[in-house]
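# Examining the three-dimensional arrangement
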Amino acid sequence: MRLDRTDPLAALLLRSPIGALVDWAARVRASVQRKLLVAFLLITLLFIGMAAFSLLTMRGMTRQSELLDRAHQRLEWSQQIHHSLAMQMHLTAMALLVRDEAAIGSILRENNRFNEALARLEEAVEQPERAVIQKVRAGQEEAMAVVADIANLVRDSKIEAATRVHSTREDPLYRSIDALVSQMVQQEDARMVRLRDGMRAARERSLVVLGGFAAIAVLLALAAGFVISWMLIRPLSAAHGLLNELSSGRFGGSVKVPNNDELGELAVQLSATSRELARLDAEQRRAAQELAALNAKLQQTSVAKSEFLANMSHELRTPLNAILGFTEMLTDGLYGAVPGDFREPLADIQTNGRHLLRLINDVLDLSKIEAGRMELSLGEYSAEEVVNTVRASLRSLAEEKALEFRVELDAGLPEIMLGDAKRITQCLLNLAGNALKFTKRGRVTIRAERQGDFVHYSVADTGIGIPPEQLEAVFTEFRQLDATITREFGGTGLGLSITKKFVEMHGGRIWVESRLSEGSTFHFTIPLKSEMASTV
Amino acid sequence: MSDKTILYVEDNEFNRKIVRQLLAQTRYRLREAPDGESGVRAAQEELPDLILMDVQLPKMSGLDATRQLRADPRTARVPIIIVTSYALSGDEQKARDAGATAYIAKPYSPRDLLSKIREIVPEA
């Protein structure tokens, strides 16, 4: 079930009085656990009640069926009595007719059967019926006395006298007994019919009551289930809605639920969270706006600074051209022979002039990069050419310092690659120049090898090394390890930073490994086929 | 055979002076122009054997001046060395696109400049 969808039936029910019940259940000040417990207990009690009622009904029915059994028995006995009486009357007539002792014996047997059934019936019936039975018994005893008289007369062969006794005394007696017994049979029959009808009515009544009870129990259980589940679902659904708003970035909304339980507390907390988020968001937006404004201002300043630096370095270069040019012409003896004492200061002017030129060039490069105006001029080139150019430019410096200067080229490198050869050369020249600068003895090795879709250049030296804590900073502008190094080894402090930027513009990576007083290895990679990276 | 004429278009007096003093030692004859427009005019008035053209010039840039000279049939074939103030990537390409014969970055070594000139226009 999805929390953000309510099926139409539930929606309809929620608008009915049952909805008010849901509200009421939510407002009850109790924990969810207790509410659930009460609801389940209620449902359980309903079903226990129903079971008990069914048991009671079943017991009543059993008792009635026992009563019916007994009534049936009584009817049977009364019918037996009726039958025995008829047999006696018939046998008496037969004794008179056949004048036989055996018929008399049969009358006695039938009399015993009659008495036995009468005794059973008497035991089963209540007082009013018992009076009738006693009347029957009295009549029967009298009849038996008359039968004895008739038997004596028959034995003495006084048949006529016996017939007279039979017709004057016994027959009326039997008739009156028969009337009583018939009445008894009718009564028992009527009683049984009554009982059966009563039982049928009771059964129908209890079926209706039981069915009603079951229907009400099921309805109540359904209602309890509905109330309890919607008491839980409504706050959850409201919380879900708010969370949806929050997750889509709309803060500040709140949930209002009637619940006075954990879910109510949750809603309150959720609303508070939402308000706090809204506050933070507003704060954040304000801060971001301020920051953006500040950033724009800074960017303007930065562009202005870069432009200023670019113009400045151009303006600086023009007089520098004159200084270097005149010095060179002086040194070359264009103005006549140079006195011996002048040679050294002239060389110093030239060295410092060139250093100043390098500085100006680096500053211009950097300011162009930072102003986003540096573009690579991509073309076909070969790593061998790059490495050889670097070796050729630095060979004399290596020889001067008596350092071993090695170049190792991977045979697997493609002959033609795509990149800005001039900038890649500048990068390698910077690194190899630094390596020679910071190495007093030992060797400097330049390597170029293929590494997947990249050329991996590295420059290893046996120089002074870099302390671990400064490894990160070496690629930052104007960071030489300390001022003494700048004095001792020279350099602008911009070379590594520019190198890093050119490498990254190519889409490559630069890093350094170093051990203090053992040496450093600078690595950088350039894609075999570089594309212009948009910004650095 | 008369001496070779070199036209130097450059606004900075000191830079002109360097070339003037550099060429004073040789048999090259130097003519000077302080801006792009007068440079083009001077080349059209009297065809030089070689033009040294600065890029950042008043009135007309060295690149524009070169293009104009290349468009003029009289001056289309004169060798032009473009002197730029800084060897930025793409600068050389721009110079070649404009029609330059060669390209030299400033600050240049007078010695290198002279050998470049000699390479293109032998002294005698």
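Residues numbered from 1 in each chain as written. Chains lettered and ligands numbered in written order. Predicted model: local features only at pLDDT ≥ 70, side-chain atom pairs only at ≥ 80, totals over all residues. Heavy atoms only, no water.

Take helix α4 (residues 101–124) of chain A next. Here α4(A) spans 35 Å end to end across 24 residues, near enough to the 34 Å set by a 1.5 Å rise per residue. Against the buried residues of α4(A) lie α3 (32–98), α5 (127–155) and α6 (159–247) of chain A. (Helix = DSSP H or I, 4+ residues; strand = E, 2+ residues; numbered from the N terminus. Expected span 1.5 Å × (residues − 1). Contact = heavy atoms within 4.5 Å.)

Residues and elements named next belong to chain A. What the 5 strands build is an open sheet, ordered β2-β4-β5-β7-β6; its pairing is mixed. The open sheet has two edge strands with one neighbour each: β2 (404–409) and β6 (510–515). Here the strands of the sheet are splayed against their neighbours by 15° on average, with no regard to which way each runs. In this structure, strand β5 (residues 454–461) lies alongside strand β7 (residues 519–527), joined through 7 bridges in antiparallel fashion. Considered in β7, the bridge of Val 459 is made with Phe 522. Docked against the sheet, helix α9 (residues 383–400) engages β2, β4 (443–451) and β5, running at close to 175° with respect to β2. Across the sheet, helix α12 (residues 495–505) lies against β6 and β7, angled at about 30° from β7, the strand it touches most. (Pairing = 2+ DSSP bridges. Axes fitted to C-alpha atoms, helices over the stretch in contact; angles between N-to-C directions.)

Residues and elements named next belong to chain B. Pairing in this open sheet of 5 strands is parallel, and the strands run β2-β1-β3-β4-β5 from one edge to the other. A single partner strand is all that each edge strand has here, and the edge strands are β2 (29–33) and β5 (102–105). Sheet twist, expressed as the mean angle between neighbouring strand axes with direction ignored, is 20°. With 4 bridges joining them, strand β4 (residues 80–84) and β5 adopt parallel strand pairing. Residue pairing across strands places Ile 82 opposite Tyr 103, the latter belonging to β5.

This part is about the packing of aromatic side chains. Residue and element names in this part refer to chain A. According to the stated counting rule, one finds 3 aromatic pairs over all chains in the structure shown. When the centroid spacing of 6.1 Å and the interplanar angle of 40° are considered together, the rings of Phe 226 and Trp 230 count as tilted. Here Trp 230 and Phe 226 lie together in helix α6, a separation of 4 residues that amounts to about one turn. The two residues Phe 226 and Trp 230 agree in class, both being buried. For Arg 509, the ring lying beneath its charged end belongs to Trp 511, and the centroid distance is 4.1 Å. (Phe/Tyr/Trp six-rings, centres within 6.5 Å; stacked < 30°, edge-to-face > 60°. Buried < 20%, exposed > 50% of the residue type's maximum accessible area, 1.4 Å probe, protein only. Lys NZ or Arg CZ within 6 Å of the ring centre and 35° of its normal.)

What follows covers the interface of chain A and chain B. Many authors give the size of an interface as the accessible area that is lost as the parts come together. The interface of chain A with chain B comprises 23 residues on the first partner and 20 residues on the second. Around 2,000 Å² of area is buried between chain A and chain B when both sides are counted, 57% of it from carbon and sulfur atoms. When the area that chain A buries against chain B is broken down by residue, the three leading residues are A:Asn321, A:Glu328 and A:Leu334, summing to 27%. Taken together, the connections running from chain A to chain B amount to 2 salt bridges. One salt bridge connects B:Arg111 with A:Asp332, and the closest N-O pair in it is separated by 2.9 Å. Put simply, chain A and chain B have 7 residue pairs in polar contact (both at pLDDT 80 or more) between them. At the level of elements, α7 (262–331), α8 (340–370) and α10 (421–437) of chain A are the ones that each hand at least two residues to the side of chain A that touches chain B. By residue number, the principal contributor to the side of chain A that touches chain B is α7(A), which donates 10 residues. Looking at side-chain class alone, the side of chain A that touches chain B contains 8 nonpolar, 6 polar and 9 charged residues. (Buried area = accessible area lost by both parts, 1.4 Å probe. Salt bridge = Lys/Arg side-chain N within 4 Å of Asp/Glu carboxyl O. Polar contact = N/O pair within 3.5 Å; in protein donor to acceptor, adjacent residues only side chain to side chain. Nonpolar A, V, L, I, M, F, W, Y, C, P; charged D, E, K, R; others polar.)

Here we come to the nonpolar core. Residues and elements named next belong to chain A. Grouped together as the largest cluster of nonpolar side chains are 44 residues, with contacts concentrated most on Leu 428, Tyr 457 and Phe 524. The element contributing the most residues to this core is α10, with 7 residues. Each of two domains, domain 2 (275–374) and domain 3 (375–527), supplies a minimum of three residues to this core. Not counting residues up to four positions away in its chain, the partners in contact with Tyr 457 are Tyr 381, Ala 383, Val 387, Ile 424, Leu 428, Arg 447, Ala 448, Phe 522, His 523, Phe 524 and Ile 526. In this structure, Leu 91, Leu 118, Val 136 and Ile 177 belong to the second largest nonpolar core, which totals 32 residues. (Core = buried A, V, L, I, M, F, W, Y, C linked by side-chain atoms within 4.5 Å. Domains from an automatic or database assignment.)

Enumeration over the complete set of coordinates arrives at 32 salt bridges over all chains. The shortest N-O distance in the salt bridge between A:Arg515 and A:Glu518 comes to 4.0 Å. Across the pair, A:Glu518 and A:Arg515 agree in class, each one exposed. Between B:Asp64 and B:Arg67 there is a salt bridge, and its shortest N-O distance comes to 2.6 Å. Placement of both B:Asp64 and B:Arg67 in helix α3 (residues 62–71) is noted, with a separation of 3 residues, approximately one turn of the helix.

Attention shifts here to the domain arrangement of chain A. All names here are of chain A. Split by domain assignment, chain A resolves into domain 1 (24–236), domain 2 (275–374) and domain 3 (375–527). Inter-centroid distance (C-alpha atoms) of domain 2 to domain 3 is 22 Å. At the interface, 11 residues of domain 2 touch 14 residues of domain 3. Summed over the three residues of domain 2 that lose the most area to domain 3, namely Asp 362, Leu 366 and Met 374, the buried surface amounts to 49% of that side. Viewed at the interface, domain 3 and domain 2 are joined by 0 salt bridges. Between domain 2 and domain 3 we count 0 residue pairs in polar contact (both at pLDDT 80 or more) in total.

So, about the confidence of the model for chain B. On average, residues of chain B score 86 in pLDDT, and 94% of them are at 70 or above. Averaged over each element, pLDDT in chain B is lowest for helix α4 (residues 91–98) of chain B (77) and highest for strand β1 (residues 5–9) of chain B (93). (pLDDT = per-residue confidence, 0-100.)

Below, the discussion takes up the packing of helix α1 (residues 8–15) of chain A against helix α2 (residues 17–27) of chain A. Describing two packed helices takes the angle between their axes plus the distance from one axis to the other. All names here are of chain A. Relative orientation of the contacting elements α1 and α2 amounts to 80°, with a least axis distance of 4 Å. The angle between α1 and α2 falls in the class roughly perpendicular. Touching Leu 13, Leu 14 and Arg 15 of α1 are Pro 17, Ile 18, Gly 19 and Val 22, all from α2. (Parallel < 35°, antiparallel > 145°, perpendicular 65-115°, else oblique.)

Below, the discussion takes up α8(A). The terminal C-alpha atoms of α8(A) lie 46 Å apart, and with 31 residues this matches the ideal 45 Å at 1.5 Å per residue to within 8%. Downstream of α8(A) by a residue or two, A:Gly372 has a phi angle that is positive, lying close to 75°.

Tracing the chain through its elements places A:Glu188 in helix α6. The class of A:Glu188 is buried, set by a relative accessible area of 2%.

What follows is about a nonpolar patch on the surface. All names here are of chain A. A cluster of nonpolar side chains, contributed by Phe 47, Val 218, Leu 219 and Leu 222, occupies part of the molecular surface with about 380 Å² of accessible area. A total of 3 residues in the nonpolar patch trace back to one element, the largest contributor, which is α6. According to the relative accessible area criterion, Phe 47 is partly exposed, its value standing at 35%. (Patch = residues over 30% accessible without salt bridge, like charges linked within 9 Å, V, L, I, M, F, W, Y side chains within 5 Å. Areas by Shrake-Rupley, 256 points an atom, 1.4 Å probe, with all protein chains shown as cover.)

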